[in-house]
Amino acid sequence: MLKPLNLKDLFLRILVIALTGLVLIIATSSNSYDLHLKIRKTQPVSEKIVILELSPKEDLNKVIQSLKDKKVSHILINSFLGDSPYPGPSIFTYSTSETNKEDIHISLKPDTDGQVRRFSLNQTTLTTQLSPLIKTLKQQLINLRGPAQTFEHLSFYDLVHIDLTKKTVIIKPSEPINTYTTPLGVISESELIANILDNYYEDRFIPYAPLGIQALVLFILLTVTILLLLYLPSTLALMGTLVLGIFYISLSLWMFDNFYLWTPIISPIIQIVLAFLLISNYKHILNEKTKWNLEKESHYFDEVEEMKTNFLSLFSHDLKTPLSKIIGITDTLRSKSSDSDLKKELDKIYTYSKDLDKYIKRILKMSQVQSKNISLNKSPEDLNILIEKSIQQNQLFANEKNITLTKKLNPLFMIEIDAALIQEVIINFLENAITYSPNNSEITIFSQETENYIKVSVTDQGKGLPKEVQDSIWEKYYRFDSSKAGYGLGLFLSRYVITLHGGQVFLNSKVGQGSEFGFILPL
């Protein structure tokens, strides 16, 4: 999902794209359907139409009579063979059932680029034969079926062998006098007439889409393109835009081939490309601004975090010295006191002071982690020895809850580690296990060595952790049970120490079945 939008900038870009599309539609209105004609597949032609090439030595009247004998439907003769009151191309139409003829004037006025795409009709004498064509059509786009020689061409000598019953025959000179440039190349006047009659007989005329319909097509495509570009990642947006363009071109050509419905191609594709460029640039600028704001905020938060860390570090450091004195004095008074009540109170002071000292040390350690001042003092150590020391240090705590600490330690090779830091991790795991375990339960400490690593784990019989919090448990200041003492730093620091050694921490826990915390160190 995109970040909050700059609506003014976005609106201006969309307005530029939409206006460009409309201007392109108007600018290409005269030749906008040429592309459909040029790239579509081979088109069928009406079998009712035949073009007869007549040489100058052949008698026109004999040819007409021969065609009538073959019961053709219509005979169309180019104006070069007769007189017409209209300038430009005309045809005389004879019918086998009537002696009269129709003089039909066809206007084939080229567009501004010199190509013929449309026609209009007029006549001098209207009979019943082609009157529906005249009444229906005023001006139409010609649905050209193909280039020159698309329709069947015959010579006078072919008439003996071919059945022309109910066909329309267009008589033309063997050497065409008038030719016209079309989107499919140069075509003779007679072949243009054949295309017009084919469109009439087979209902293939191309309805010209009004400007409003074309604008609606542009609007729909623009809307879909903008949604793709705004709400998809860059790669998917590019793929989606390409698919949209290909789909629209295919749909437009399919509709033109099968239903002769014309929709623009050039202007929508240019609009899609322009939309991709402008909206992608808009997204890039917006993302850069967002990135810059996030970096600024991140820098600000880093400064605040550093100030907080420095304060905690100084505060904890200043507390450490007087706290050490309190612990020392309390310990001395405990050893010398003979009053049992006083000794109990001194024991409490000593215990609370030690807890506070432990938290202060963790805060100081966290300050070192954040300032990246922790350095490892590695030496060859036996992890089992560190485990034994950690168990001894937590034995009194376990005894208070009548918890049994069970050891399952396998012999281990010496490993290069920072003993003090690793022991802190083990102690932290043990303290957490004891804290969250019920009275009269058992905690198992396990160690194992493989070819590549050493594994240490602490398993308890506590309540267990839900799966959804198991990743968060390692985060700084996270506490699953706020009723227990602590600051949410122990596991965060433990993971950092193990990661610093090139190892990994792990957690296996199920609600109601306890938890297993541990780590793996490479050999």
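Residues numbered from 1 in each chain as written. Predicted model: local features only at pLDDT ≥ 70, side-chain atom pairs only at ≥ 80, totals over all residues. Heavy atoms only, no water.

(A) Geometry of the overall build of the protein chain. When helices and strands are counted, the protein chain shows twelve helices and 17 strands. Put simply, 70% of the contacts in the protein chain that link residues at least 6 apart link residues at least 24 apart. When the accessible surface of the protein chain is split by element, carbon and sulfur atoms take 58% of a total near 28800 Å². (Helix = DSSP H or I, 4+ residues; strand = E, 2+ residues; numbered from the N terminus. Contact = heavy atoms within 4.5 Å. Areas by Shrake-Rupley, 256 points an atom, 1.4 Å probe, with all protein chains shown as cover.)

(B) Focus on the packing of helix 1 (residues 7–27) against helix 6 (residues 211–231). Axis separation between helix 1 and helix 6 bottoms out at 10 Å; the angle between their running directions is 145°. Taken as a pair, helix 1 and helix 6 cross one another with a handedness that is right-handed. In this structure, helix 1 contributes Leu10, Ile14, Ile17, Ala18, Gly21, Leu22, Ile25 and Ile26 to the contact, and helix 6 contributes Leu211, Gln214, Ala215, Leu218, Leu222, Ile226 and Leu230. Counted by class, the contact of helix 1 with helix 6 contains 13 nonpolar, two polar and no charged residues. (Axes fitted to C-alpha atoms, helices over the stretch in contact; angles between N-to-C directions. Left-handed = near helix turned anticlockwise from the far one by under 90°. Nonpolar A, V, L, I, M, F, W, Y, C, P; charged D, E, K, R; others polar.)

(C) Looking closely at helix 7 (residues 234–259). Look at helix 7: 37 Å from first C-alpha to last across 26 residues, which is about the 38 Å you get at 1.5 Å a residue. Ala237, Gly240, Thr241, Leu244, Gly245, Tyr248, Ser252, Leu253, Phe256 and Asp257 are the residues of helix 7 that are buried. Immediately downstream of helix 7, the backbone of Tyr260 shows phi near 60°, a positive value. (Expected span 1.5 Å × (residues − 1). Buried < 20%, exposed > 50% of the residue type's maximum accessible area, 1.4 Å probe, protein only.)

(D) Examining the packing of aromatic side chains more closely. Overall, the coordinates contain eight aromatic pairs when judged by the stated rule. Each ring, one from Tyr200 and one from Tyr201, has its centre 5.7 Å from the other, and the planes form 45°; the classification is tilted. Since its relative accessible area comes to 22%, Tyr201 is described here as partly exposed. Ring-pair connections join several aromatic residues into one group, and the members of that group are Phe429, Trp474, Phe517 and Phe519. The aromatic ring of Tyr201 is capped on one face by Lys48, whose charged end is 5.3 Å from the ring centroid. (Phe/Tyr/Trp six-rings, centres within 6.5 Å; stacked < 30°, edge-to-face > 60°. Lys NZ or Arg CZ within 6 Å of the ring centre and 35° of its normal.)

(E) Layout of the sheet that holds strand 12 (residues 404–409). As summarised here, the arrangement of the five strands in space is 12-14-15-17-16, forming an open sheet in which the pairing is mixed. Strand pairing shows two members of the sheet lacking a second neighbour, strand 12 and strand 16 (504–510), which therefore form its edges. Within this sheet the neighbouring strands show an average axis-to-axis angle of 15°, counted without direction. Here strand 12 runs beside strand 14 (residues 442–449); their pairing, made up of six bridges, is parallel. (Pairing = 2+ DSSP bridges.)

(F) Quick look at helix 11 (residues 419–436). In a regular helix each residue adds 1.5 Å, so 18 residues correspond to 26 Å; helix 11 covers 26 Å between its end C-alpha atoms and thus fits that length. Burial analysis of helix 11 places 13 of its 18 residues in the buried class, which makes it a mostly covered element.

(G) Focus on the pattern of salt bridges. Per the stated rule, a full pass over the model turns up nine salt bridges. Between Arg13 and Asp9 there is a salt bridge; the shortest N-O distance is 3.1 Å. Residue Arg13 and its partner Asp9 are located together in helix 1, separated by four residues, close to a single helical turn. Residue Asp111 is joined to Arg117 by a salt bridge in which the shortest nitrogen-to-oxygen separation is 2.9 Å. Under the relative-accessibility criterion, Arg117 is labelled buried at 1%. Salt bridges linked by common partners bring Asp34, Asp111, Asp113, Arg117 and Arg118 together as one network. (Salt bridge = Lys/Arg side-chain N within 4 Å of Asp/Glu carboxyl O.)

(H) Molecular detail of the packing of helix 6 against helix 7. It is the contact of helix 6 with helix 7, at a shortest axis distance of 9 Å, that shows an interaxial angle of 160°. Between helix 6 and helix 7, the angle is such that the two are roughly antiparallel. Relative to helix 7, helix 6 is oriented so that their crossing is right-handed. Contacts between helix 6 and helix 7 involve Val217, Leu221, Val224, Thr225, Leu228 and Leu229 on the former and, on the latter, Ala237, Gly240, Thr241, Leu244 and Tyr248. Here the residues of the contact of helix 6 with helix 7 are counted per class, giving eight nonpolar, three polar and no charged. (Parallel < 35°, antiparallel > 145°, perpendicular 65-115°, else oblique.)

(I) Fine view of the environment of Asn199. Here Asn199 lies in helix 5 (residues 189–202). Taking relative accessible area as the criterion, Asn199 reaches 0% and is therefore assigned buried. Linking Asn199 and Arg145, residues 54 residues apart in sequence, is a C-alpha distance of 8.9 Å. Within the local environment of Asn199, its side chain forms a polar contact with the side chain of Asp198, the two groups lying 3.5 Å apart. (Polar contact = N/O pair within 3.5 Å; in protein donor to acceptor, adjacent residues only side chain to side chain.)

(J) Up close: the pairing of strand 15 (residues 453–459). Summarising the sheet, strand 14 and strand 15 pair through six bridges and their orientation is antiparallel. Note on strand 15: the bridge partner recorded for Thr444 is Thr459. If you look at the hairpin formed by strand 14 and strand 15, you'll find three residues sitting between the two strands. Alignment of strand 15 against strand 17 (residues 514–522), held across seven bridges, turns out to be antiparallel. Counterpart to Ser457 in the pairing with strand 17 is Gly518.

(K) Main features of unusual backbone geometry. Even without glycine at this site, Lys166 takes up a positive phi of about 60°. Examined against the element boundaries, Lys166 turns out to sit in the loop between strand 7 (153–155) and strand 8 (168–173). Taking the relative accessible area as the measure of exposure, Lys166 reaches 67% and is therefore exposed. Despite not being glycine, Asn402 has its phi angle at roughly 55°, a positive value. By secondary structure assignment, the location of Asn402 is in the loop between helix 10 (383–400) and strand 12.

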